[in-house]
Amino acid sequence: MILKPMKALTALALLGALAACGNEGPGVVTRTAQAVLADRVARAQGAPETTAPARSDAERAAEALRVNPGPLIQVGFETLGQTQIMAMVGQNGAMRTYMTPSEEAVILRGGMLVGTRGLGRDLSVAEPGTEALIRAGRAGQGTRIMRYLSGDGLERPLQFACTVAPGPQTGLMTEDCEGHGTRFQNTYALEGGQILASRQWVGPGLGHVTIATLRP
Amino acid sequence: MRRSPLLRQLLATTLPLAVLTIPGAAPADPLVARNMSAYGMPGGIDTPTAETLPEGSLGATISYSDYALRNNVFFQVLPQLTANLRYSRVDGINDFRNDGFIWDRSFDLRYQLFEQQGWRPAVSIGLQDFLGTGVYSGEYIVATRQVTPNVRASIGLGWGTLAGRPRVIDAADLGGTANTSDWFRGEARPFGSVSWDVNDRLTLTAEYSNDVYQASYSNGGFFQQGSAEPGRLNFGASYRMRRNYQLGLYTIGNESIGAQFTVTLNPREAAYPSGLEKAPAPVRPRPAPAADPEAWSPEWASDPTARPVLQKVLADALAKEGQILESMTLSATRAELRIRNNRYNQQAQAIGRTARLMTRALPATVETFVITSSADGLPTSSVTLRRSDIERLENTEVGQIAAATDLSDATPRPAGLIQTEDLFPRFRWRIGPYFDLGLFDPEEPLRYEFGAEARASYELLPGLIATGAIRQRAFGDIRQSGPGVPGERGRRFTPEEYLADPSLETTPEGVPRVRSDTRMYAGNTSPIIPELTLAWFAKPSDQVYSRVTVGLLERAYGGVSAEVLWKPVNSPLAFGAEVNRVRKRDFDARFDFRDYEVTTGHVSAYYELSQGFIAQLDVGQYLAGDRGATFTLTREFANGWRVGAYATKTDLSAEEFGEGSFDKGVTFSIPISWATGTPTRERAESRIRSLSRDGGARVEVKDRLYDKVRDSHGVRMQQGWGSFWR
């Protein structure tokens, strides 16, 4: 049976009228359908006008510093083309968890990226065997293990051979890693063994992030 | 350090990737198929190759030409074993319906004997349409080799259809059983194909095929499929879109053009492998005792107001996580939380998040954390953790916390267990649309029905649940109809004929119609009650679970169902028993019953084998009073994907059973969270089975214990540990 356009519209309207309701909220299929539908409608009507002019990263950082008394970082996700300001929500020894207001998280240990959460293609945990070299500002080689939750539900490690070397400027260290047919470079700006700013590789899904300390 | 079984298992699962990193080793090339054949198997156009798909790949190919419309579902069961279930409209063959085509089911298996290694090609052996003699029956051995980085060549030897010598089909055969005596017999002929990957997306294929597309029957019938016998050379092109889709165009001989479309899902490839759920609250470590002696004072435990406040705080925090804190015990050094996970596909994730919330809420003296999983009121397993381990191991490799964890049977009624206030009775309801599909009807392979459904459940106490649903059809073309008229293939009794003569509810062979009249329950235009039950789940001892369900159990039967299950938490073996006393419901699917009552029952054994296989054997009495056994083998992936196959053989003869000879089917279950990344326990489930027959039929009772209990038991927990710190 082929639905004529009018009939299809009626069917769609009926679907809308019948959209599930209950005291537990809609199911995931309904939610997804609603999201897709809303997206289509929005596109059909043209992109909505932005109500306020986009603020620069610097303005947002300044506001975050004013509102939030605790440690803050600014994280740029290169593949997503987004910059987020994250506030520290927990500290366990040297490990700090920073979150966005929408509850996506980055976990750092003394500035070194050890994990991400809530981003879909997260880094479960990084075990950088090069950390001591980087903090000491010494050249050398080490192994870096990055663990990810794979599509089949298991945590799987990727192992990389890394070379640490001083960067082009004083206070900069670079870490070149290779393995599993891929290579990436991490860059760290250090002061007294502390990583103040960095550009680090999260994983095959998320690519690089740049991390700047707004308030340590 | 002594490695626990859990840790060993985890290390084993991480090994395959580790092997890849050893330099110098030359692993065998698995020759992953880039092109699916018109039969929905890795291959050329009509001919097979020795290629395989990534393990676990599940997909469908629809191919259409003058010769046939083939709907294929394929599954890579093991790295070497490929299976295919096909439902084809074969054009040019006439049966009693005189439609000019027939609908035909067929089943293929292919096993790769050797992978390609060094100079040696990959070699596979296969059976095509091997249950009963069918239009496509044939066997083959085929070798495939990568000749250049872009070109693969295959050469093989075929029998039956693949040799252009189709076997004579027994017109009286009921199908379903393998004719092993025919396999690899008769004249054999070579076939071959070459495929060239033009680029990442486009593959061109040429093949030499012997198929003459003819069918002959033992009653003298001879048919040329399509309009004419094709030539021997076929050419094709296939184009891949994104990762999962493939579009193909091909020629069969000189005359005919065909097209096909393939969708493939691989359980190892998820769009959002780590999920899109919000980040968990981090661990809140305790201050050092010396720095804050007051925080470490156990005095709080003697304050009667402390426990209710802590329970409220934890219940609220868990509710935001989609979990219910059912009850809790608390002492100065130990806390047990009973949680019902309503959100996360992996129970380990629910437990990991609960553990972190406990570090944020409980006083410093509480060192032992026990998190007991509750499956709708049934306490199924207890995870015991040391709080200092949680603090020490936060966000480390999951193997470490797994090794520091103890998984044990949950004690049904521990002393001091206090239920969370205002939780029960618990009422849930939902009103929404429903959509039903009817498949495999030879007259109209796809039927549908659309309407509204109201569903509600009322949980009086944990484990005592009343559930009901009511449906009203809006529109659709699923219609009420009687069973097939015996001896007159293709004709069905009308509902009126069937209702008028009660003797029709038994087949001429004397088998009560318990499922073959299932369409009498379809197509109601007035409201129906698909189910209305009261279920009671209980746990008589640490390792024994029980269920009693009373009411309208399913569309066609109502009565009482009782089940017990013995399942120790870390044991791969489980035993169960089920007894049902049921009466056949009237076709209006409301409160009336018909004149058929039966006792069915089974004893069951379950065993979790390695590599995610689960075997289940049920022995007992089925709905028609027939006795026999059902064997089910399911492949389960750590992410919860399940693909299974089952077969039932009872003491009904093949003649009494009818077409298909015995009951068999395939089941699929895919977690929605795998597909969307959204945290949810919902699943997309489907079952493909043989025709609705009366032999080997069972009552479809909801919430059988095994699946309910297993989610928080040994194997599933081990598989899911990767989600603990998620």
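Computed from a prediction, not measured in an experiment: that's the story for all the values here. (Residues numbered from 1 in each chain as written. Chains lettered and ligands numbered in written order. Predicted model: local features only at pLDDT ≥ 70, side-chain atom pairs only at ≥ 80, totals over all residues.)

### Describing the domain arrangement of chain B
Here is step 1: Taken domain by domain, chain B consists of domain 1 (58-265) and domain 2 (426-461 + 463-716).
Here is step 2: Distance from the C-alpha centre of domain 1 of chain B to the C-alpha centre of domain 2 of chain B: 34 Å. (Domains from an automatic or database assignment.)

### Observations concerning unusual backbone geometry
All names here are of chain B.
Here is step 1: Each neighbour pair has its own omega, and for Phe424 with Pro425 the value is 0°, a cis peptide bond.
Here is step 2: Inspection of the secondary structure puts Pro425 in the loop between strand S21 (418-419) and strand S22 (426-439).
Here is step 3: Of note in the backbone geometry, Tyr213 takes a positive phi value of approximately 55° without being a glycine.
Here is step 4: Topologically, Tyr213 is positioned in the loop between strand S10 (202-208) and strand S11 (214-217).
Here is step 5: Overall, Tyr213 belongs to the buried group, with 29 C-beta atoms counted inside 10 Å. (Helix = DSSP H or I, 4+ residues; strand = E, 2+ residues; numbered from the N terminus. Buried ≥ 20, exposed ≤ 12 C-beta atoms within 10 Å, placed from the backbone.)

### Let's talk about the sheet that holds strand S3 (residues 81-91) of chain B
Residue and element names in this part refer to chain B.
Here is step 1: Taken together, the 12 strands give a closed barrel; going around it, the order is S1-S2-S3-S4-S5-S6-S7-S9-S10-S13-S14-S15, and neighbouring strands pair in antiparallel fashion. Within this sheet the neighbouring strands show an average axis-to-axis angle of 20°, counted without direction.
Here is step 2: Bridge count for strand S5 (residues 122-128) against strand S6 (residues 138-148) is seven bridges, and the pairing is antiparallel. Across the sheet, Gly126 pairs through a bridge with Tyr140, a residue of S6. (Pairing = 2+ DSSP bridges. Axes fitted to C-alpha atoms, helices over the stretch in contact; angles between N-to-C directions.)

### What to know about the packing of helix H2 (residues 306-320) of chain B against helix H3 (residues 347-361) of chain B
Residue and element names in this part refer to chain B.
Here is step 1: Running from N to C, H2 and H3 point in directions that differ by 140°, and their axes come no closer than 10 Å. Here H2 is positioned oblique relative to H3, judged by the angle of their axes. For the pair H2 and H3, the sense of crossing is right-handed. Taken together, the residues of H3 that come into contact with H2 (itself represented by Leu310, Val313, Leu314, Ala317 and Leu318) are Thr354, Leu357 and Ala361.
Here is step 2: Residue composition of the contact of H2 with H3, by class: seven nonpolar, one polar and no charged. (Parallel < 35°, antiparallel > 145°, perpendicular 65-115°, else oblique. Left-handed = near helix turned anticlockwise from the far one by under 90°. Contact = placed C-beta atoms within 7 Å. Nonpolar A, V, L, I, M, F, W, Y, C, P; charged D, E, K, R; others polar.)

### Some thoughts on the pairing of strand S30 (residues 613-621) of chain B
Residue and element names in this part refer to chain B.
Here is step 1: In terms of strand pairing, strand S29 (residues 593-608) meets S30 through eight bridges, oriented antiparallel. Counted as the bridge partner of Tyr607 is Ala615 from S30.
Here is step 2: Between S29 and S30, which pair antiparallel one after the other, the connecting turn spans four residues, and Gln611 there sits at a positive phi close to 60°.
Here is step 3: Direction of pairing for S30 relative to strand S31 (residues 627-636): antiparallel, over a ladder of nine bridges.

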